[in-house]
Each structure stands twice: as C-alpha cells, then as structure tokens.
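Okay, here's what each chain looks like letter by letter:
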Amino acid sequence: MDLDTEQKKETIKTIYFDQHKILSSIIKLYLTDNIEVDLTYGNGSFYKKGIPQPENRFDLDDTLKNLTKVCSSTNTELNENTIRSVIFDPPFLTWIRKNRTGNNNMIMARRFAGYLKLDELKQHYTSTIEEVARIMKHKGIFIFKCQDIIHNHKLFSTHIEIVKWGEKHFRLKDLFIQVAKHRLPMSNKKGTQKHARTYHCYWLVLERWRK
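All values reported here derive from a predicted model rather than from experimental measurement.

### Some points on the packing of aromatic side chains
On inspection of all chains with the given rule, the structure shows 11 aromatic pairs. On the numbers, 5.5 Å between centres and 50° between planes, the contact of Phe 142 with Phe 144 is tilted. With a centroid separation of 5.4 Å and 50° between ring planes, the pair formed by Phe 142 and Phe 170 is classed as tilted. Here the residue Phe 142 occupies a position in strand E6 (residues 136-146), and Phe 170 occupies one in strand E9 (residues 170-179), the gap between them amounting to 28 residues. Members of the aromatic cluster, connected to one another through ring pairs, are Phe 88, Tyr 125, Phe 142, Phe 144, Phe 156, Trp 165 and Phe 170. The side chain of Arg 171 reaches across the aromatic face of Trp 209, ending 3.7 Å from its centre. Over the face of the ring belonging to Phe 170 we find Arg 208, whose NZ or CZ atom lies 5.9 Å from the ring centre.

### Focus on the sheet that holds strand E2 (residues 37-38)
Spatially, 8 strands are ordered E1-E9-E10-E6-E5-E2-E3-E4 in an open sheet, and the strand pairing comes out mixed. Strands at the two margins of the open sheet, each flanked by one partner only, are strand E1 (15-16) and strand E4 (69-70). Sheet topology note: the E6/strand E10 (residues 200-208) ladder contains 6 bridges and is antiparallel. Across the sheet, the residue bridging to Ile 141 is Glu 207, located in E10. Contacts from helix H4 (residues 118-135) reach strand E5 (83-88), E6, E9 and E10 within the one sheet, and its direction differs from that of E6 by about 155°.

### Structural notes on the nonpolar core
Judged by nonpolar contacts, the single largest core of 30 residues is most densely connected at Val 86, Tyr 125, Phe 142, Phe 144, Ile 162 and Phe 170. Within the residue set of this core, elements represented by two or more residues are E5, H4, E6, helix H5 (158-165) and E10. Top contributing element to this core by residue count: H4, with 7 residues. Beyond its immediate stretch of four places on either side in the chain, Phe 142 contacts Val 86, Phe 88, Ile 129, Val 132, Met 136, Phe 170, Leu 204, Val 205 and Leu 206. Judged by nonpolar contacts, the second largest core, of 19 residues, contains Leu 31, Tyr 41, Tyr 47 and Leu 67.

### A word on the pattern of salt bridges
If you walk through the whole model with that rule in mind, you get 6 salt bridges. Lys 21 is the partner of Glu 10 in a salt bridge, and the nearest nitrogen-oxygen pair spans 2.9 Å. Here the residue Glu 10 occupies a position in the loop between helix H1 (3-8) and E1, and Lys 21 occupies one in helix H2 (residues 19-30), the gap between them amounting to 11 residues. The closest approach of N and O atoms between Lys 49 and Asp 18, which form a salt bridge, is 3.8 Å. With a gap of 31 residues between them, Lys 49 in the loop between E2 and strand E3 (56-59) and Asp 18 in the loop between E1 and H2 connect regions that are remote in the sequence.

### Quick look at the packing of H4 against H5
The packing of two helices is summarised by the inter-axis angle and the distance between the axes. At a closest axis distance of 10 Å, the pairing of H4 and H5 adopts a crossing angle of 45°. Here H4 is positioned oblique relative to H5, judged by the angle of their axes. Once H4 is placed against H5, the crossing between them reads as right-handed. Taken together, the residues of H5 that come into contact with H4 (itself represented by Leu 121, Lys 122, Tyr 125, Thr 126 and Ile 129) are Thr 158, Ile 162 and Trp 165. In terms of residue class, the contact of H4 with H5 is made up of 5 nonpolar, 2 polar and 1 charged.

The rules behind these values
- Residues numbered from 1 in each chain as written.
- Predicted model: local features only at pLDDT ≥ 70, side-chain atom pairs only at ≥ 80, totals over all residues.
- Heavy atoms only, no water.
- Phe/Tyr/Trp six-rings, centres within 6.5 Å; stacked < 30°, edge-to-face > 60°.
- Helix = DSSP H or I, 4+ residues; strand = E, 2+ residues; numbered from the N terminus.
- Lys NZ or Arg CZ within 6 Å of the ring centre and 35° of its normal.
- Pairing = 2+ DSSP bridges.
- Contact = heavy atoms within 4.5 Å.
- Axes fitted to C-alpha atoms, helices over the stretch in contact; angles between N-to-C directions.
- Core = buried A, V, L, I, M, F, W, Y, C linked by side-chain atoms within 4.5 Å.
- Buried < 20%, exposed > 50% of the residue type's maximum accessible area, 1.4 Å probe, protein only.
- Salt bridge = Lys/Arg side-chain N within 4 Å of Asp/Glu carboxyl O.
- Parallel < 35°, antiparallel > 145°, perpendicular 65-115°, else oblique.
- Left-handed = near helix turned anticlockwise from the far one by under 90°.
- Nonpolar A, V, L, I, M, F, W, Y, C, P; charged D, E, K, R; others polar.

Laid out in structure tokens, this is it:
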C-alpha cells in the first residue's frame, strides 16, 4: 500500500461524540459480519444511520415495533454456543424506575428506565452476562454500553465492575468512550457539588473465552 493510500485511511479512535461512529468502528475492527443479537433493541436507534439491523431484535416492551421476540436479556431461549455477537444497552440509573410511586411525573422516569436499588442493577447485569456467556461461541464479541454513576454519594465505577463480573467468561478486548455535548442523566440534588458532572459513557468490547 502506498503512502497516499495509507494516509487516506481513517484511524479508529477510542473517543467519539457519535454512538453510530463507535458502533461502526467496533463492527469494523472485531466482527466478520453484522451484529446477531440486540438484547435491548428499543426503537432501533443504533441502526438509523446505515448499520444493518440484527437478525435477533429483543426487548421486554411488547409495544415496540420491529422486534423479533419479546423477552428478557436474562432468558433469550437461544441455543448454547451459537451466537458470535451481542449488543446490550441496559438502564443505568439506580434512583428511578418507571411507574414508581412518587416519581411518575419526573422527566427522567418518562425518558429512561432504571432500578430502585443498586442490587437490582447488579442482578440484571450479572444475569445477562451469564446468559450471553451461555449462548455465545468461543471468541464471540459482547458489546456492553454502560455509564458510571453516583450511588449513596460515592462513585460507582460500573464499567470496572462489569469487567470484574464477567471475568470468568470474558476478556476486555477494547473500550470506547462516548462524549456527550450535555451532561448525562443523574440525580438533580441541590447543595455543594461533590462529584464531577458526567459527560461520557463507555462501550465495552468483551471477548468470550472458554478455558
């Protein structure tokens, strides 16, 4: 390859503002084909800029369109050791949940799902990791989008904990940071600021590893 051609090649970076850029970069680097399973498909926002739709589009919300199955990320009913790539974009808030008494009218309750307690988040994440490990082939790629949070006035480094929770089955192959133009959701409390405002989230690229 000559120098001019090499210079024209775009270098994939670890930090982007655009989630589609991150996802397309992960696909280019680590997948031989398109994503096979989206565990939290939602309205399909990942695929609105030309990224091919996954064959398996799952979600718990039966009112969503274009799903192939309504199911939990913890119980896909897919066969063991059959999947090469999975993406998971779960809720990350631990102080809110839809239909929770007292916060039904909050903007965050209407826009984002969440968990009442950190234990609920941990249970959902770890159970999903086990399910993905069950269905995924050796050296399959698990894309996990997450955000660190402030819990009980302390920083909870979710992206680090996910790597720990999955270390029996997965190796961290890469990590991307998505930067937002506006701060990401968090508890809106008055008083002296105790922690830096969050303007980023993480995309973990985990590789299935069978010993």
